[in-house]
Amino acid sequence: MGAATGGLAGSAILLLYGLIQALQLPLFAAFGDHQSTFVASGLAFRLAAPILGALVLGLLVEWRRKPLENGIVHVIERLMYYQGLLPLRAALVDLAASAISIATGQSVGREGTAVHAGAFTGSWLARRLSLPNNSVRTLVGCGTAAGIAASFNTPLAAVIFAMEVVMMEYTIAGFAPIILAAVTGSLVTLNLPNVHPGLIGAAEHFHAAELPAMTTMGLVLGVLGGGFTRMVGQIMPHLAKVRISLRMASAGLVTGILATVLPQIMGLGFETVNRALDGDYGATLSLGIGLAKLVATLFAVAAAIPGGVILPMFVCGAALGSAFGTAAAGVLPIPVSGPGLYALLGIGAMMAAVLQAPLSALVAVLELSGQTDMVLPGMLVIIAALVVSRRIAVSDSIFRLLLRRRGLDYRNDPVSQYLRRASVLNTMNRRFRVLDAKTTRAAVADALDAGIDWLLIRPAEGRAQLMRPDELKRILAEDDGDADREIDLMDIPAHRADAYPIDVRATLQEAYDQFESTEAEALVVQRASALSGRRPTPYGILTPDTVAATYRR
């Protein structure tokens, strides 16, 4: 199922690529630009396209009268509160909206939509097969990894990203299907270089004397990345007071104005990253591109322009890293590697600072460079950027920030992680019998002789009740009546607990939350829906002590 999810997610990435091309080529033609690249486009196009595109997006959102549910934050939210159930309509709207964003040169990436589309395929497949909710969670992770792998051709980094950023946990059981999904997702787009242009850094062997300079670069980019995240959090409340169409148009205006001077900041920026890796830009131009891209992305994210933030950080990191390497070569009295090496390290530093995902950043740098020599400087730069962004800039992950802005927070303590992974089916007590409230003494005796732990009583009206068999045995022992005599179990003086239902596909986290919200004494595991006119079949019994015992072991 993980491999099948990867194939479906890769196909969704092809659909996204086709939509972008279908919108972008006529747009260039309308402005008389036939080069089909933002850098080579005319001044009028660079100014008008982002403004018009953002305005159209804002008007579409206003027309729908519903906020966009898109990107990585949406996937994390659905994993948190909806057990990985991703709606089809939200996925289709995100696909179309992101295609408009990218085609009109907004400062966003396509990885947000890639993750959303991939995660939807995993969720859809799991729901079609009626899998338990903990399995839905795993297939959503498979779709996430496949979407990233198909977009960047970095399958290993995609696996780490899915588990580090989206699922926020590492499990042995999850690795195998997620790896298979990343492989099949990559295979779908492997021979289509236009889908994921190769980012090949011109990185040579570094010199040990450069390590302090590289670490300094990591510290500087950590401050910039952490400052970026904090500024997003400060600007968002102010923009939230503005009408959606004007809010998005203002972000497009910022991008358009900056693009009139630096067209390299528009769109996905693969060409810009490759030229930075090749050292084609001087220090001043690279610095200008990096800072301008950071500002344009800041307003795009704060205005909720649909798209992703990872590719913009690629561009910022590559440009700023290249600028730092070029400047270091002209200032330091030591041998300094070419700017391509610093550009690669800059990508890792910005990813670590903004995403708070150091392992994903390191693996991405290694896959992009194809050189194991990058491990040592990569680790130094990435950890320096991570520590500074967290401790000095006091920044959090951009995704966590956006979740908090929605009034949400992600419980990621060890207990919550375990409860989300476990199914009620694996924990419930199956030692029970079901009896109607009005039954015979012989039927009760047969049930008690089965060595059960619970007796589930179904009254004619109201909620089912649970009773401990030892109490019933004691009471029946005092009454030597006829075996065929009818008795009413609801009239027997004993403690009975209300039995609240819970779906058979639920996780232990759902059971825990239900105990907390309802103060229920017990839950009956059953199908959420039964055939018309029939009672749902119970599968087992859960109590708070049963759930607690699973994570206290």
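For the structure itself, consult the block above.
Position numbers for residues count from 1 along each chain, tracking the sequence in the order it is written. Per-residue local features of the predicted model are confined to residues with pLDDT of at least 70, and side-chain atom pairs are confined, for both listing and counting, to 80 or more; whole-chain, interface and lining totals are unaffected and use all residues. Remark: hydrogens and water are excluded; side-chain values derive from all non-hydrogen atoms of the structure.

1. Thoughts on a nonpolar patch on the surface
- On the surface, Ile179, Val183, Leu187 and Leu190 cluster together into a nonpolar patch covering about 340 Å² of accessible area.
- Numbering of helices and strands runs from the N terminus; a helix is a DSSP stretch of H or I covering at least four residues, while a strand is a stretch of E covering at least two. For Leu187, the location among the structural elements is in helix H8 (residues 172-189). Within the patch definition used here, like charges are joined within 9 Å and nonpolar side chains (Val, Leu, Ile, Met, Phe, Trp, Tyr) within 5 Å, considering only residues with over 30% relative accessible area and no salt bridge. Computed by Shrake-Rupley with a 1.4 Å probe, the accessible areas treat only the displayed protein chains as cover when residues are assessed. Salt bridge, as used here: a side-chain nitrogen of Lys or Arg that lies within 4 Å of a carboxyl oxygen of Asp or Glu.

2. Observations concerning the environment of Asp94
- Here Asp94 lies in helix H4 (residues 88-103).
- Under the scheme applied here, a residue whose accessible area is under 20% of the maximum for its type counts as buried, over 50% as exposed, and between as partly exposed, the area being computed with a 1.4 Å probe on protein chains only. Accessibility expressed as a relative area gives 2% for Asp94, which makes it buried.
- The spatial distance from the C-alpha of Asp94 to the C-alpha of Thr113 is 6.5 Å, given a sequence separation of 19 residues.
- By the convention used here, residues are in contact when the closest approach between their heavy atoms is within 4.5 Å. When near neighbours in sequence (up to four residues on either side) are disregarded, Asp94 contacts Glu69, Asn70, Gly71, Gly112, Thr113, His116 and Pro306.
- Pairs of N or O atoms are called polar contacts if they sit within 3.5 Å, as long as, within protein, a hydrogen donor faces a hydrogen acceptor (for residues adjacent in sequence, only side-chain-to-side-chain pairs). In this structure the side chain of Asp94 is engaged in a polar contact, spanning 2.7 Å, whose partner is the side chain of His116.

3. Re the nonpolar core
- In this structure, Phe161, Phe228, Val232, Phe314, Leu355, Ile398 and Phe399 are the most contacted members of the largest nonpolar core, which totals 127 residues.
- By residue number, the principal contributor to this core is helix H14 (residues 339-355), which donates 13 residues.
- Apart from residues lying up to four places away in sequence, Phe161 is in contact with Ile72, Val115, Thr144, Ile148, Val166, Ile310, Leu355, Ser360 and Phe399.
- Counting residues in hydrophobic clusters, the runner-up holds 16 residues, among them Leu435, Ala437, Val444 and Ile452. Each nonpolar core is a collection of buried residues, namely Ala, Val, Leu, Ile, Met, Phe, Trp, Tyr and Cys, held together in the definition by side-chain atoms within 4.5 Å.

4. Some thoughts on the pattern of salt bridges
- Under the counting rule described, the total for this entry stands at four salt bridges.
- Between Glu62 and Arg243 there is a salt bridge; the shortest N-O distance is 2.9 Å. Linking Glu62 in helix H2 (residues 43-64) with Arg243 in the loop between helix H9 (211-239) and helix H10 (244-261), this pair joins segments that are 181 residues apart in sequence.
- Using a relative accessible area of 52% as the deciding quantity, one classes Arg243 as exposed.

5. Thoughts on the pairing of strand S6 (residues 496-503)
- Strand pairing is assigned whenever DSSP identifies at least 2 bridges connecting the two strands. In the sheet, strand S4 (residues 465-467) pairs with S6 via three bridges, with the strands oriented antiparallel. Bridge pairing in S6 links Gln465 to Asp498.
- Relative to strand S7 (residues 522-526), S6 runs parallel, the two being bridged by five bridges. The residue bridging Tyr500 from the neighbouring strand is Leu523, located in S7.

6. Some thoughts on the sheet that holds S4
- Reading across from one edge, S1-S3-S4-S6-S7-S8 is the order of the six strands in this open sheet, with mixed pairing throughout. Each having just a single partner strand, strand S1 (432-436) and strand S8 (538-542) make up the two edges of the open sheet. Averaged over all pairs of adjacent strands, the angle between their axes in this sheet comes to 35°, without regard to strand direction.
- Two elements, S7 and S8, share four bridges in a ladder whose sense is antiparallel. Residue pairing for S8: Gln526 is matched across the bridge by Pro538.
- All axes here are fitted lines through C-alpha atoms, helices being fitted over the stretch that makes contact, and every angle between N-to-C directions spans 0 to 180 degrees. Sitting on the sheet, helix H21 (residues 508-518) is in contact with S6, S7 and S8, with an inclination near 140° to S6.

7. So, the packing of aromatic side chains
- Between the rings of Phe, Tyr and Trp (Trp by its six-membered ring), a pair exists once the centres lie within 6.5 Å; its type follows the angle of the planes, with under 30 degrees stacked, over 60 edge-to-face, and the other angles tilted. The tally for this structure, following the rule as stated, stands at five aromatic pairs.
- Ring geometry for Phe152 and Phe314: centres 5.6 Å apart, planes at 35°, overall tilted. Of this pair, Phe152 sits in helix H6 (residues 133-152) while Phe314 sits in helix H13 (residues 310-331); the two residues are 162 residues apart in sequence, bridging distant segments of the chain.
- Feature note: the residues Phe28, Phe38 and Phe45 constitute an aromatic cluster, connected by ring pairs.
- Above the plane of the ring of Trp454 lies Arg468, whose end atom (NZ or CZ) is 3.9 Å from the centre. Cation placement over rings: the criterion is NZ of Lys or CZ of Arg within 6 Å of the ring centroid and within 35° of the ring normal.

8. Focus: the packing of H2 against H4
- In contact at an axis separation of 9 Å, H2 and H4 are set at 160° when each is read in the N-to-C sense. Taken together, H2 and H4 sit at an angle that is classed as roughly antiparallel. Crossing angle aside, the handedness with which H2 passes H4 is right-handed. For the pair H2 and H4, contact is made by Gly53, Leu57, Leu60 and Arg64 and by Arg89, Val93, Ala97, Ile100 and Ser101, respectively.
- For the contact of H2 with H4, a count of residues per class yields five nonpolar, two polar and two charged. In this scheme, roughly parallel covers angles under 35 degrees and roughly antiparallel covers those over 145, while 65 to 115 is roughly perpendicular and the rest are oblique. The hand of a helix crossing depends on one turn: near helix anticlockwise from the far one by less than a right angle means left-handed, and clockwise means right-handed. Amino acids are sorted into nonpolar (Ala, Val, Leu, Ile, Met, Phe, Trp, Tyr, Cys and Pro), charged (Asp, Glu, Lys and Arg) and polar (every other residue, Gly among them).

9. Some words on the packing of helix H12 (residues 283-302) against H13
- One can describe the packing of H12 onto H13 by two numbers: an axis separation of 8 Å at closest approach and a directional angle of 155°. The orientation of H12 with respect to H13, classified from their angle, is roughly antiparallel. Judged by the sense of rotation from one axis to the other, the crossing of H12 with H13 is left-handed. Contact residues: H12 offers Ala283, Ser286, Leu287, Ile289, Gly290, Leu291, Lys293, Leu294 and Thr297, while H13 offers Pro312, Met313, Val315, Cys316, Ala319, Leu320, Ser322, Ala323, Thr326 and Ala327.
- Of the residues belonging to the contact of H12 with H13, the class tally is 13 nonpolar, five polar and one charged.

10. Details of unusual backbone geometry
- Backbone geometry at Ser130 places phi at a positive 55°, although glycine is not the residue there.
- Residue position: Ser130 is located in the loop between helix H5 (111-128) and H6.
- The exposure class of Ser130 is partly exposed, given its relative accessible area of 43%.
- Despite not being glycine, Gln356 shows a phi value in the positive range, around 55°.

This is a description of form; function is not addressed.
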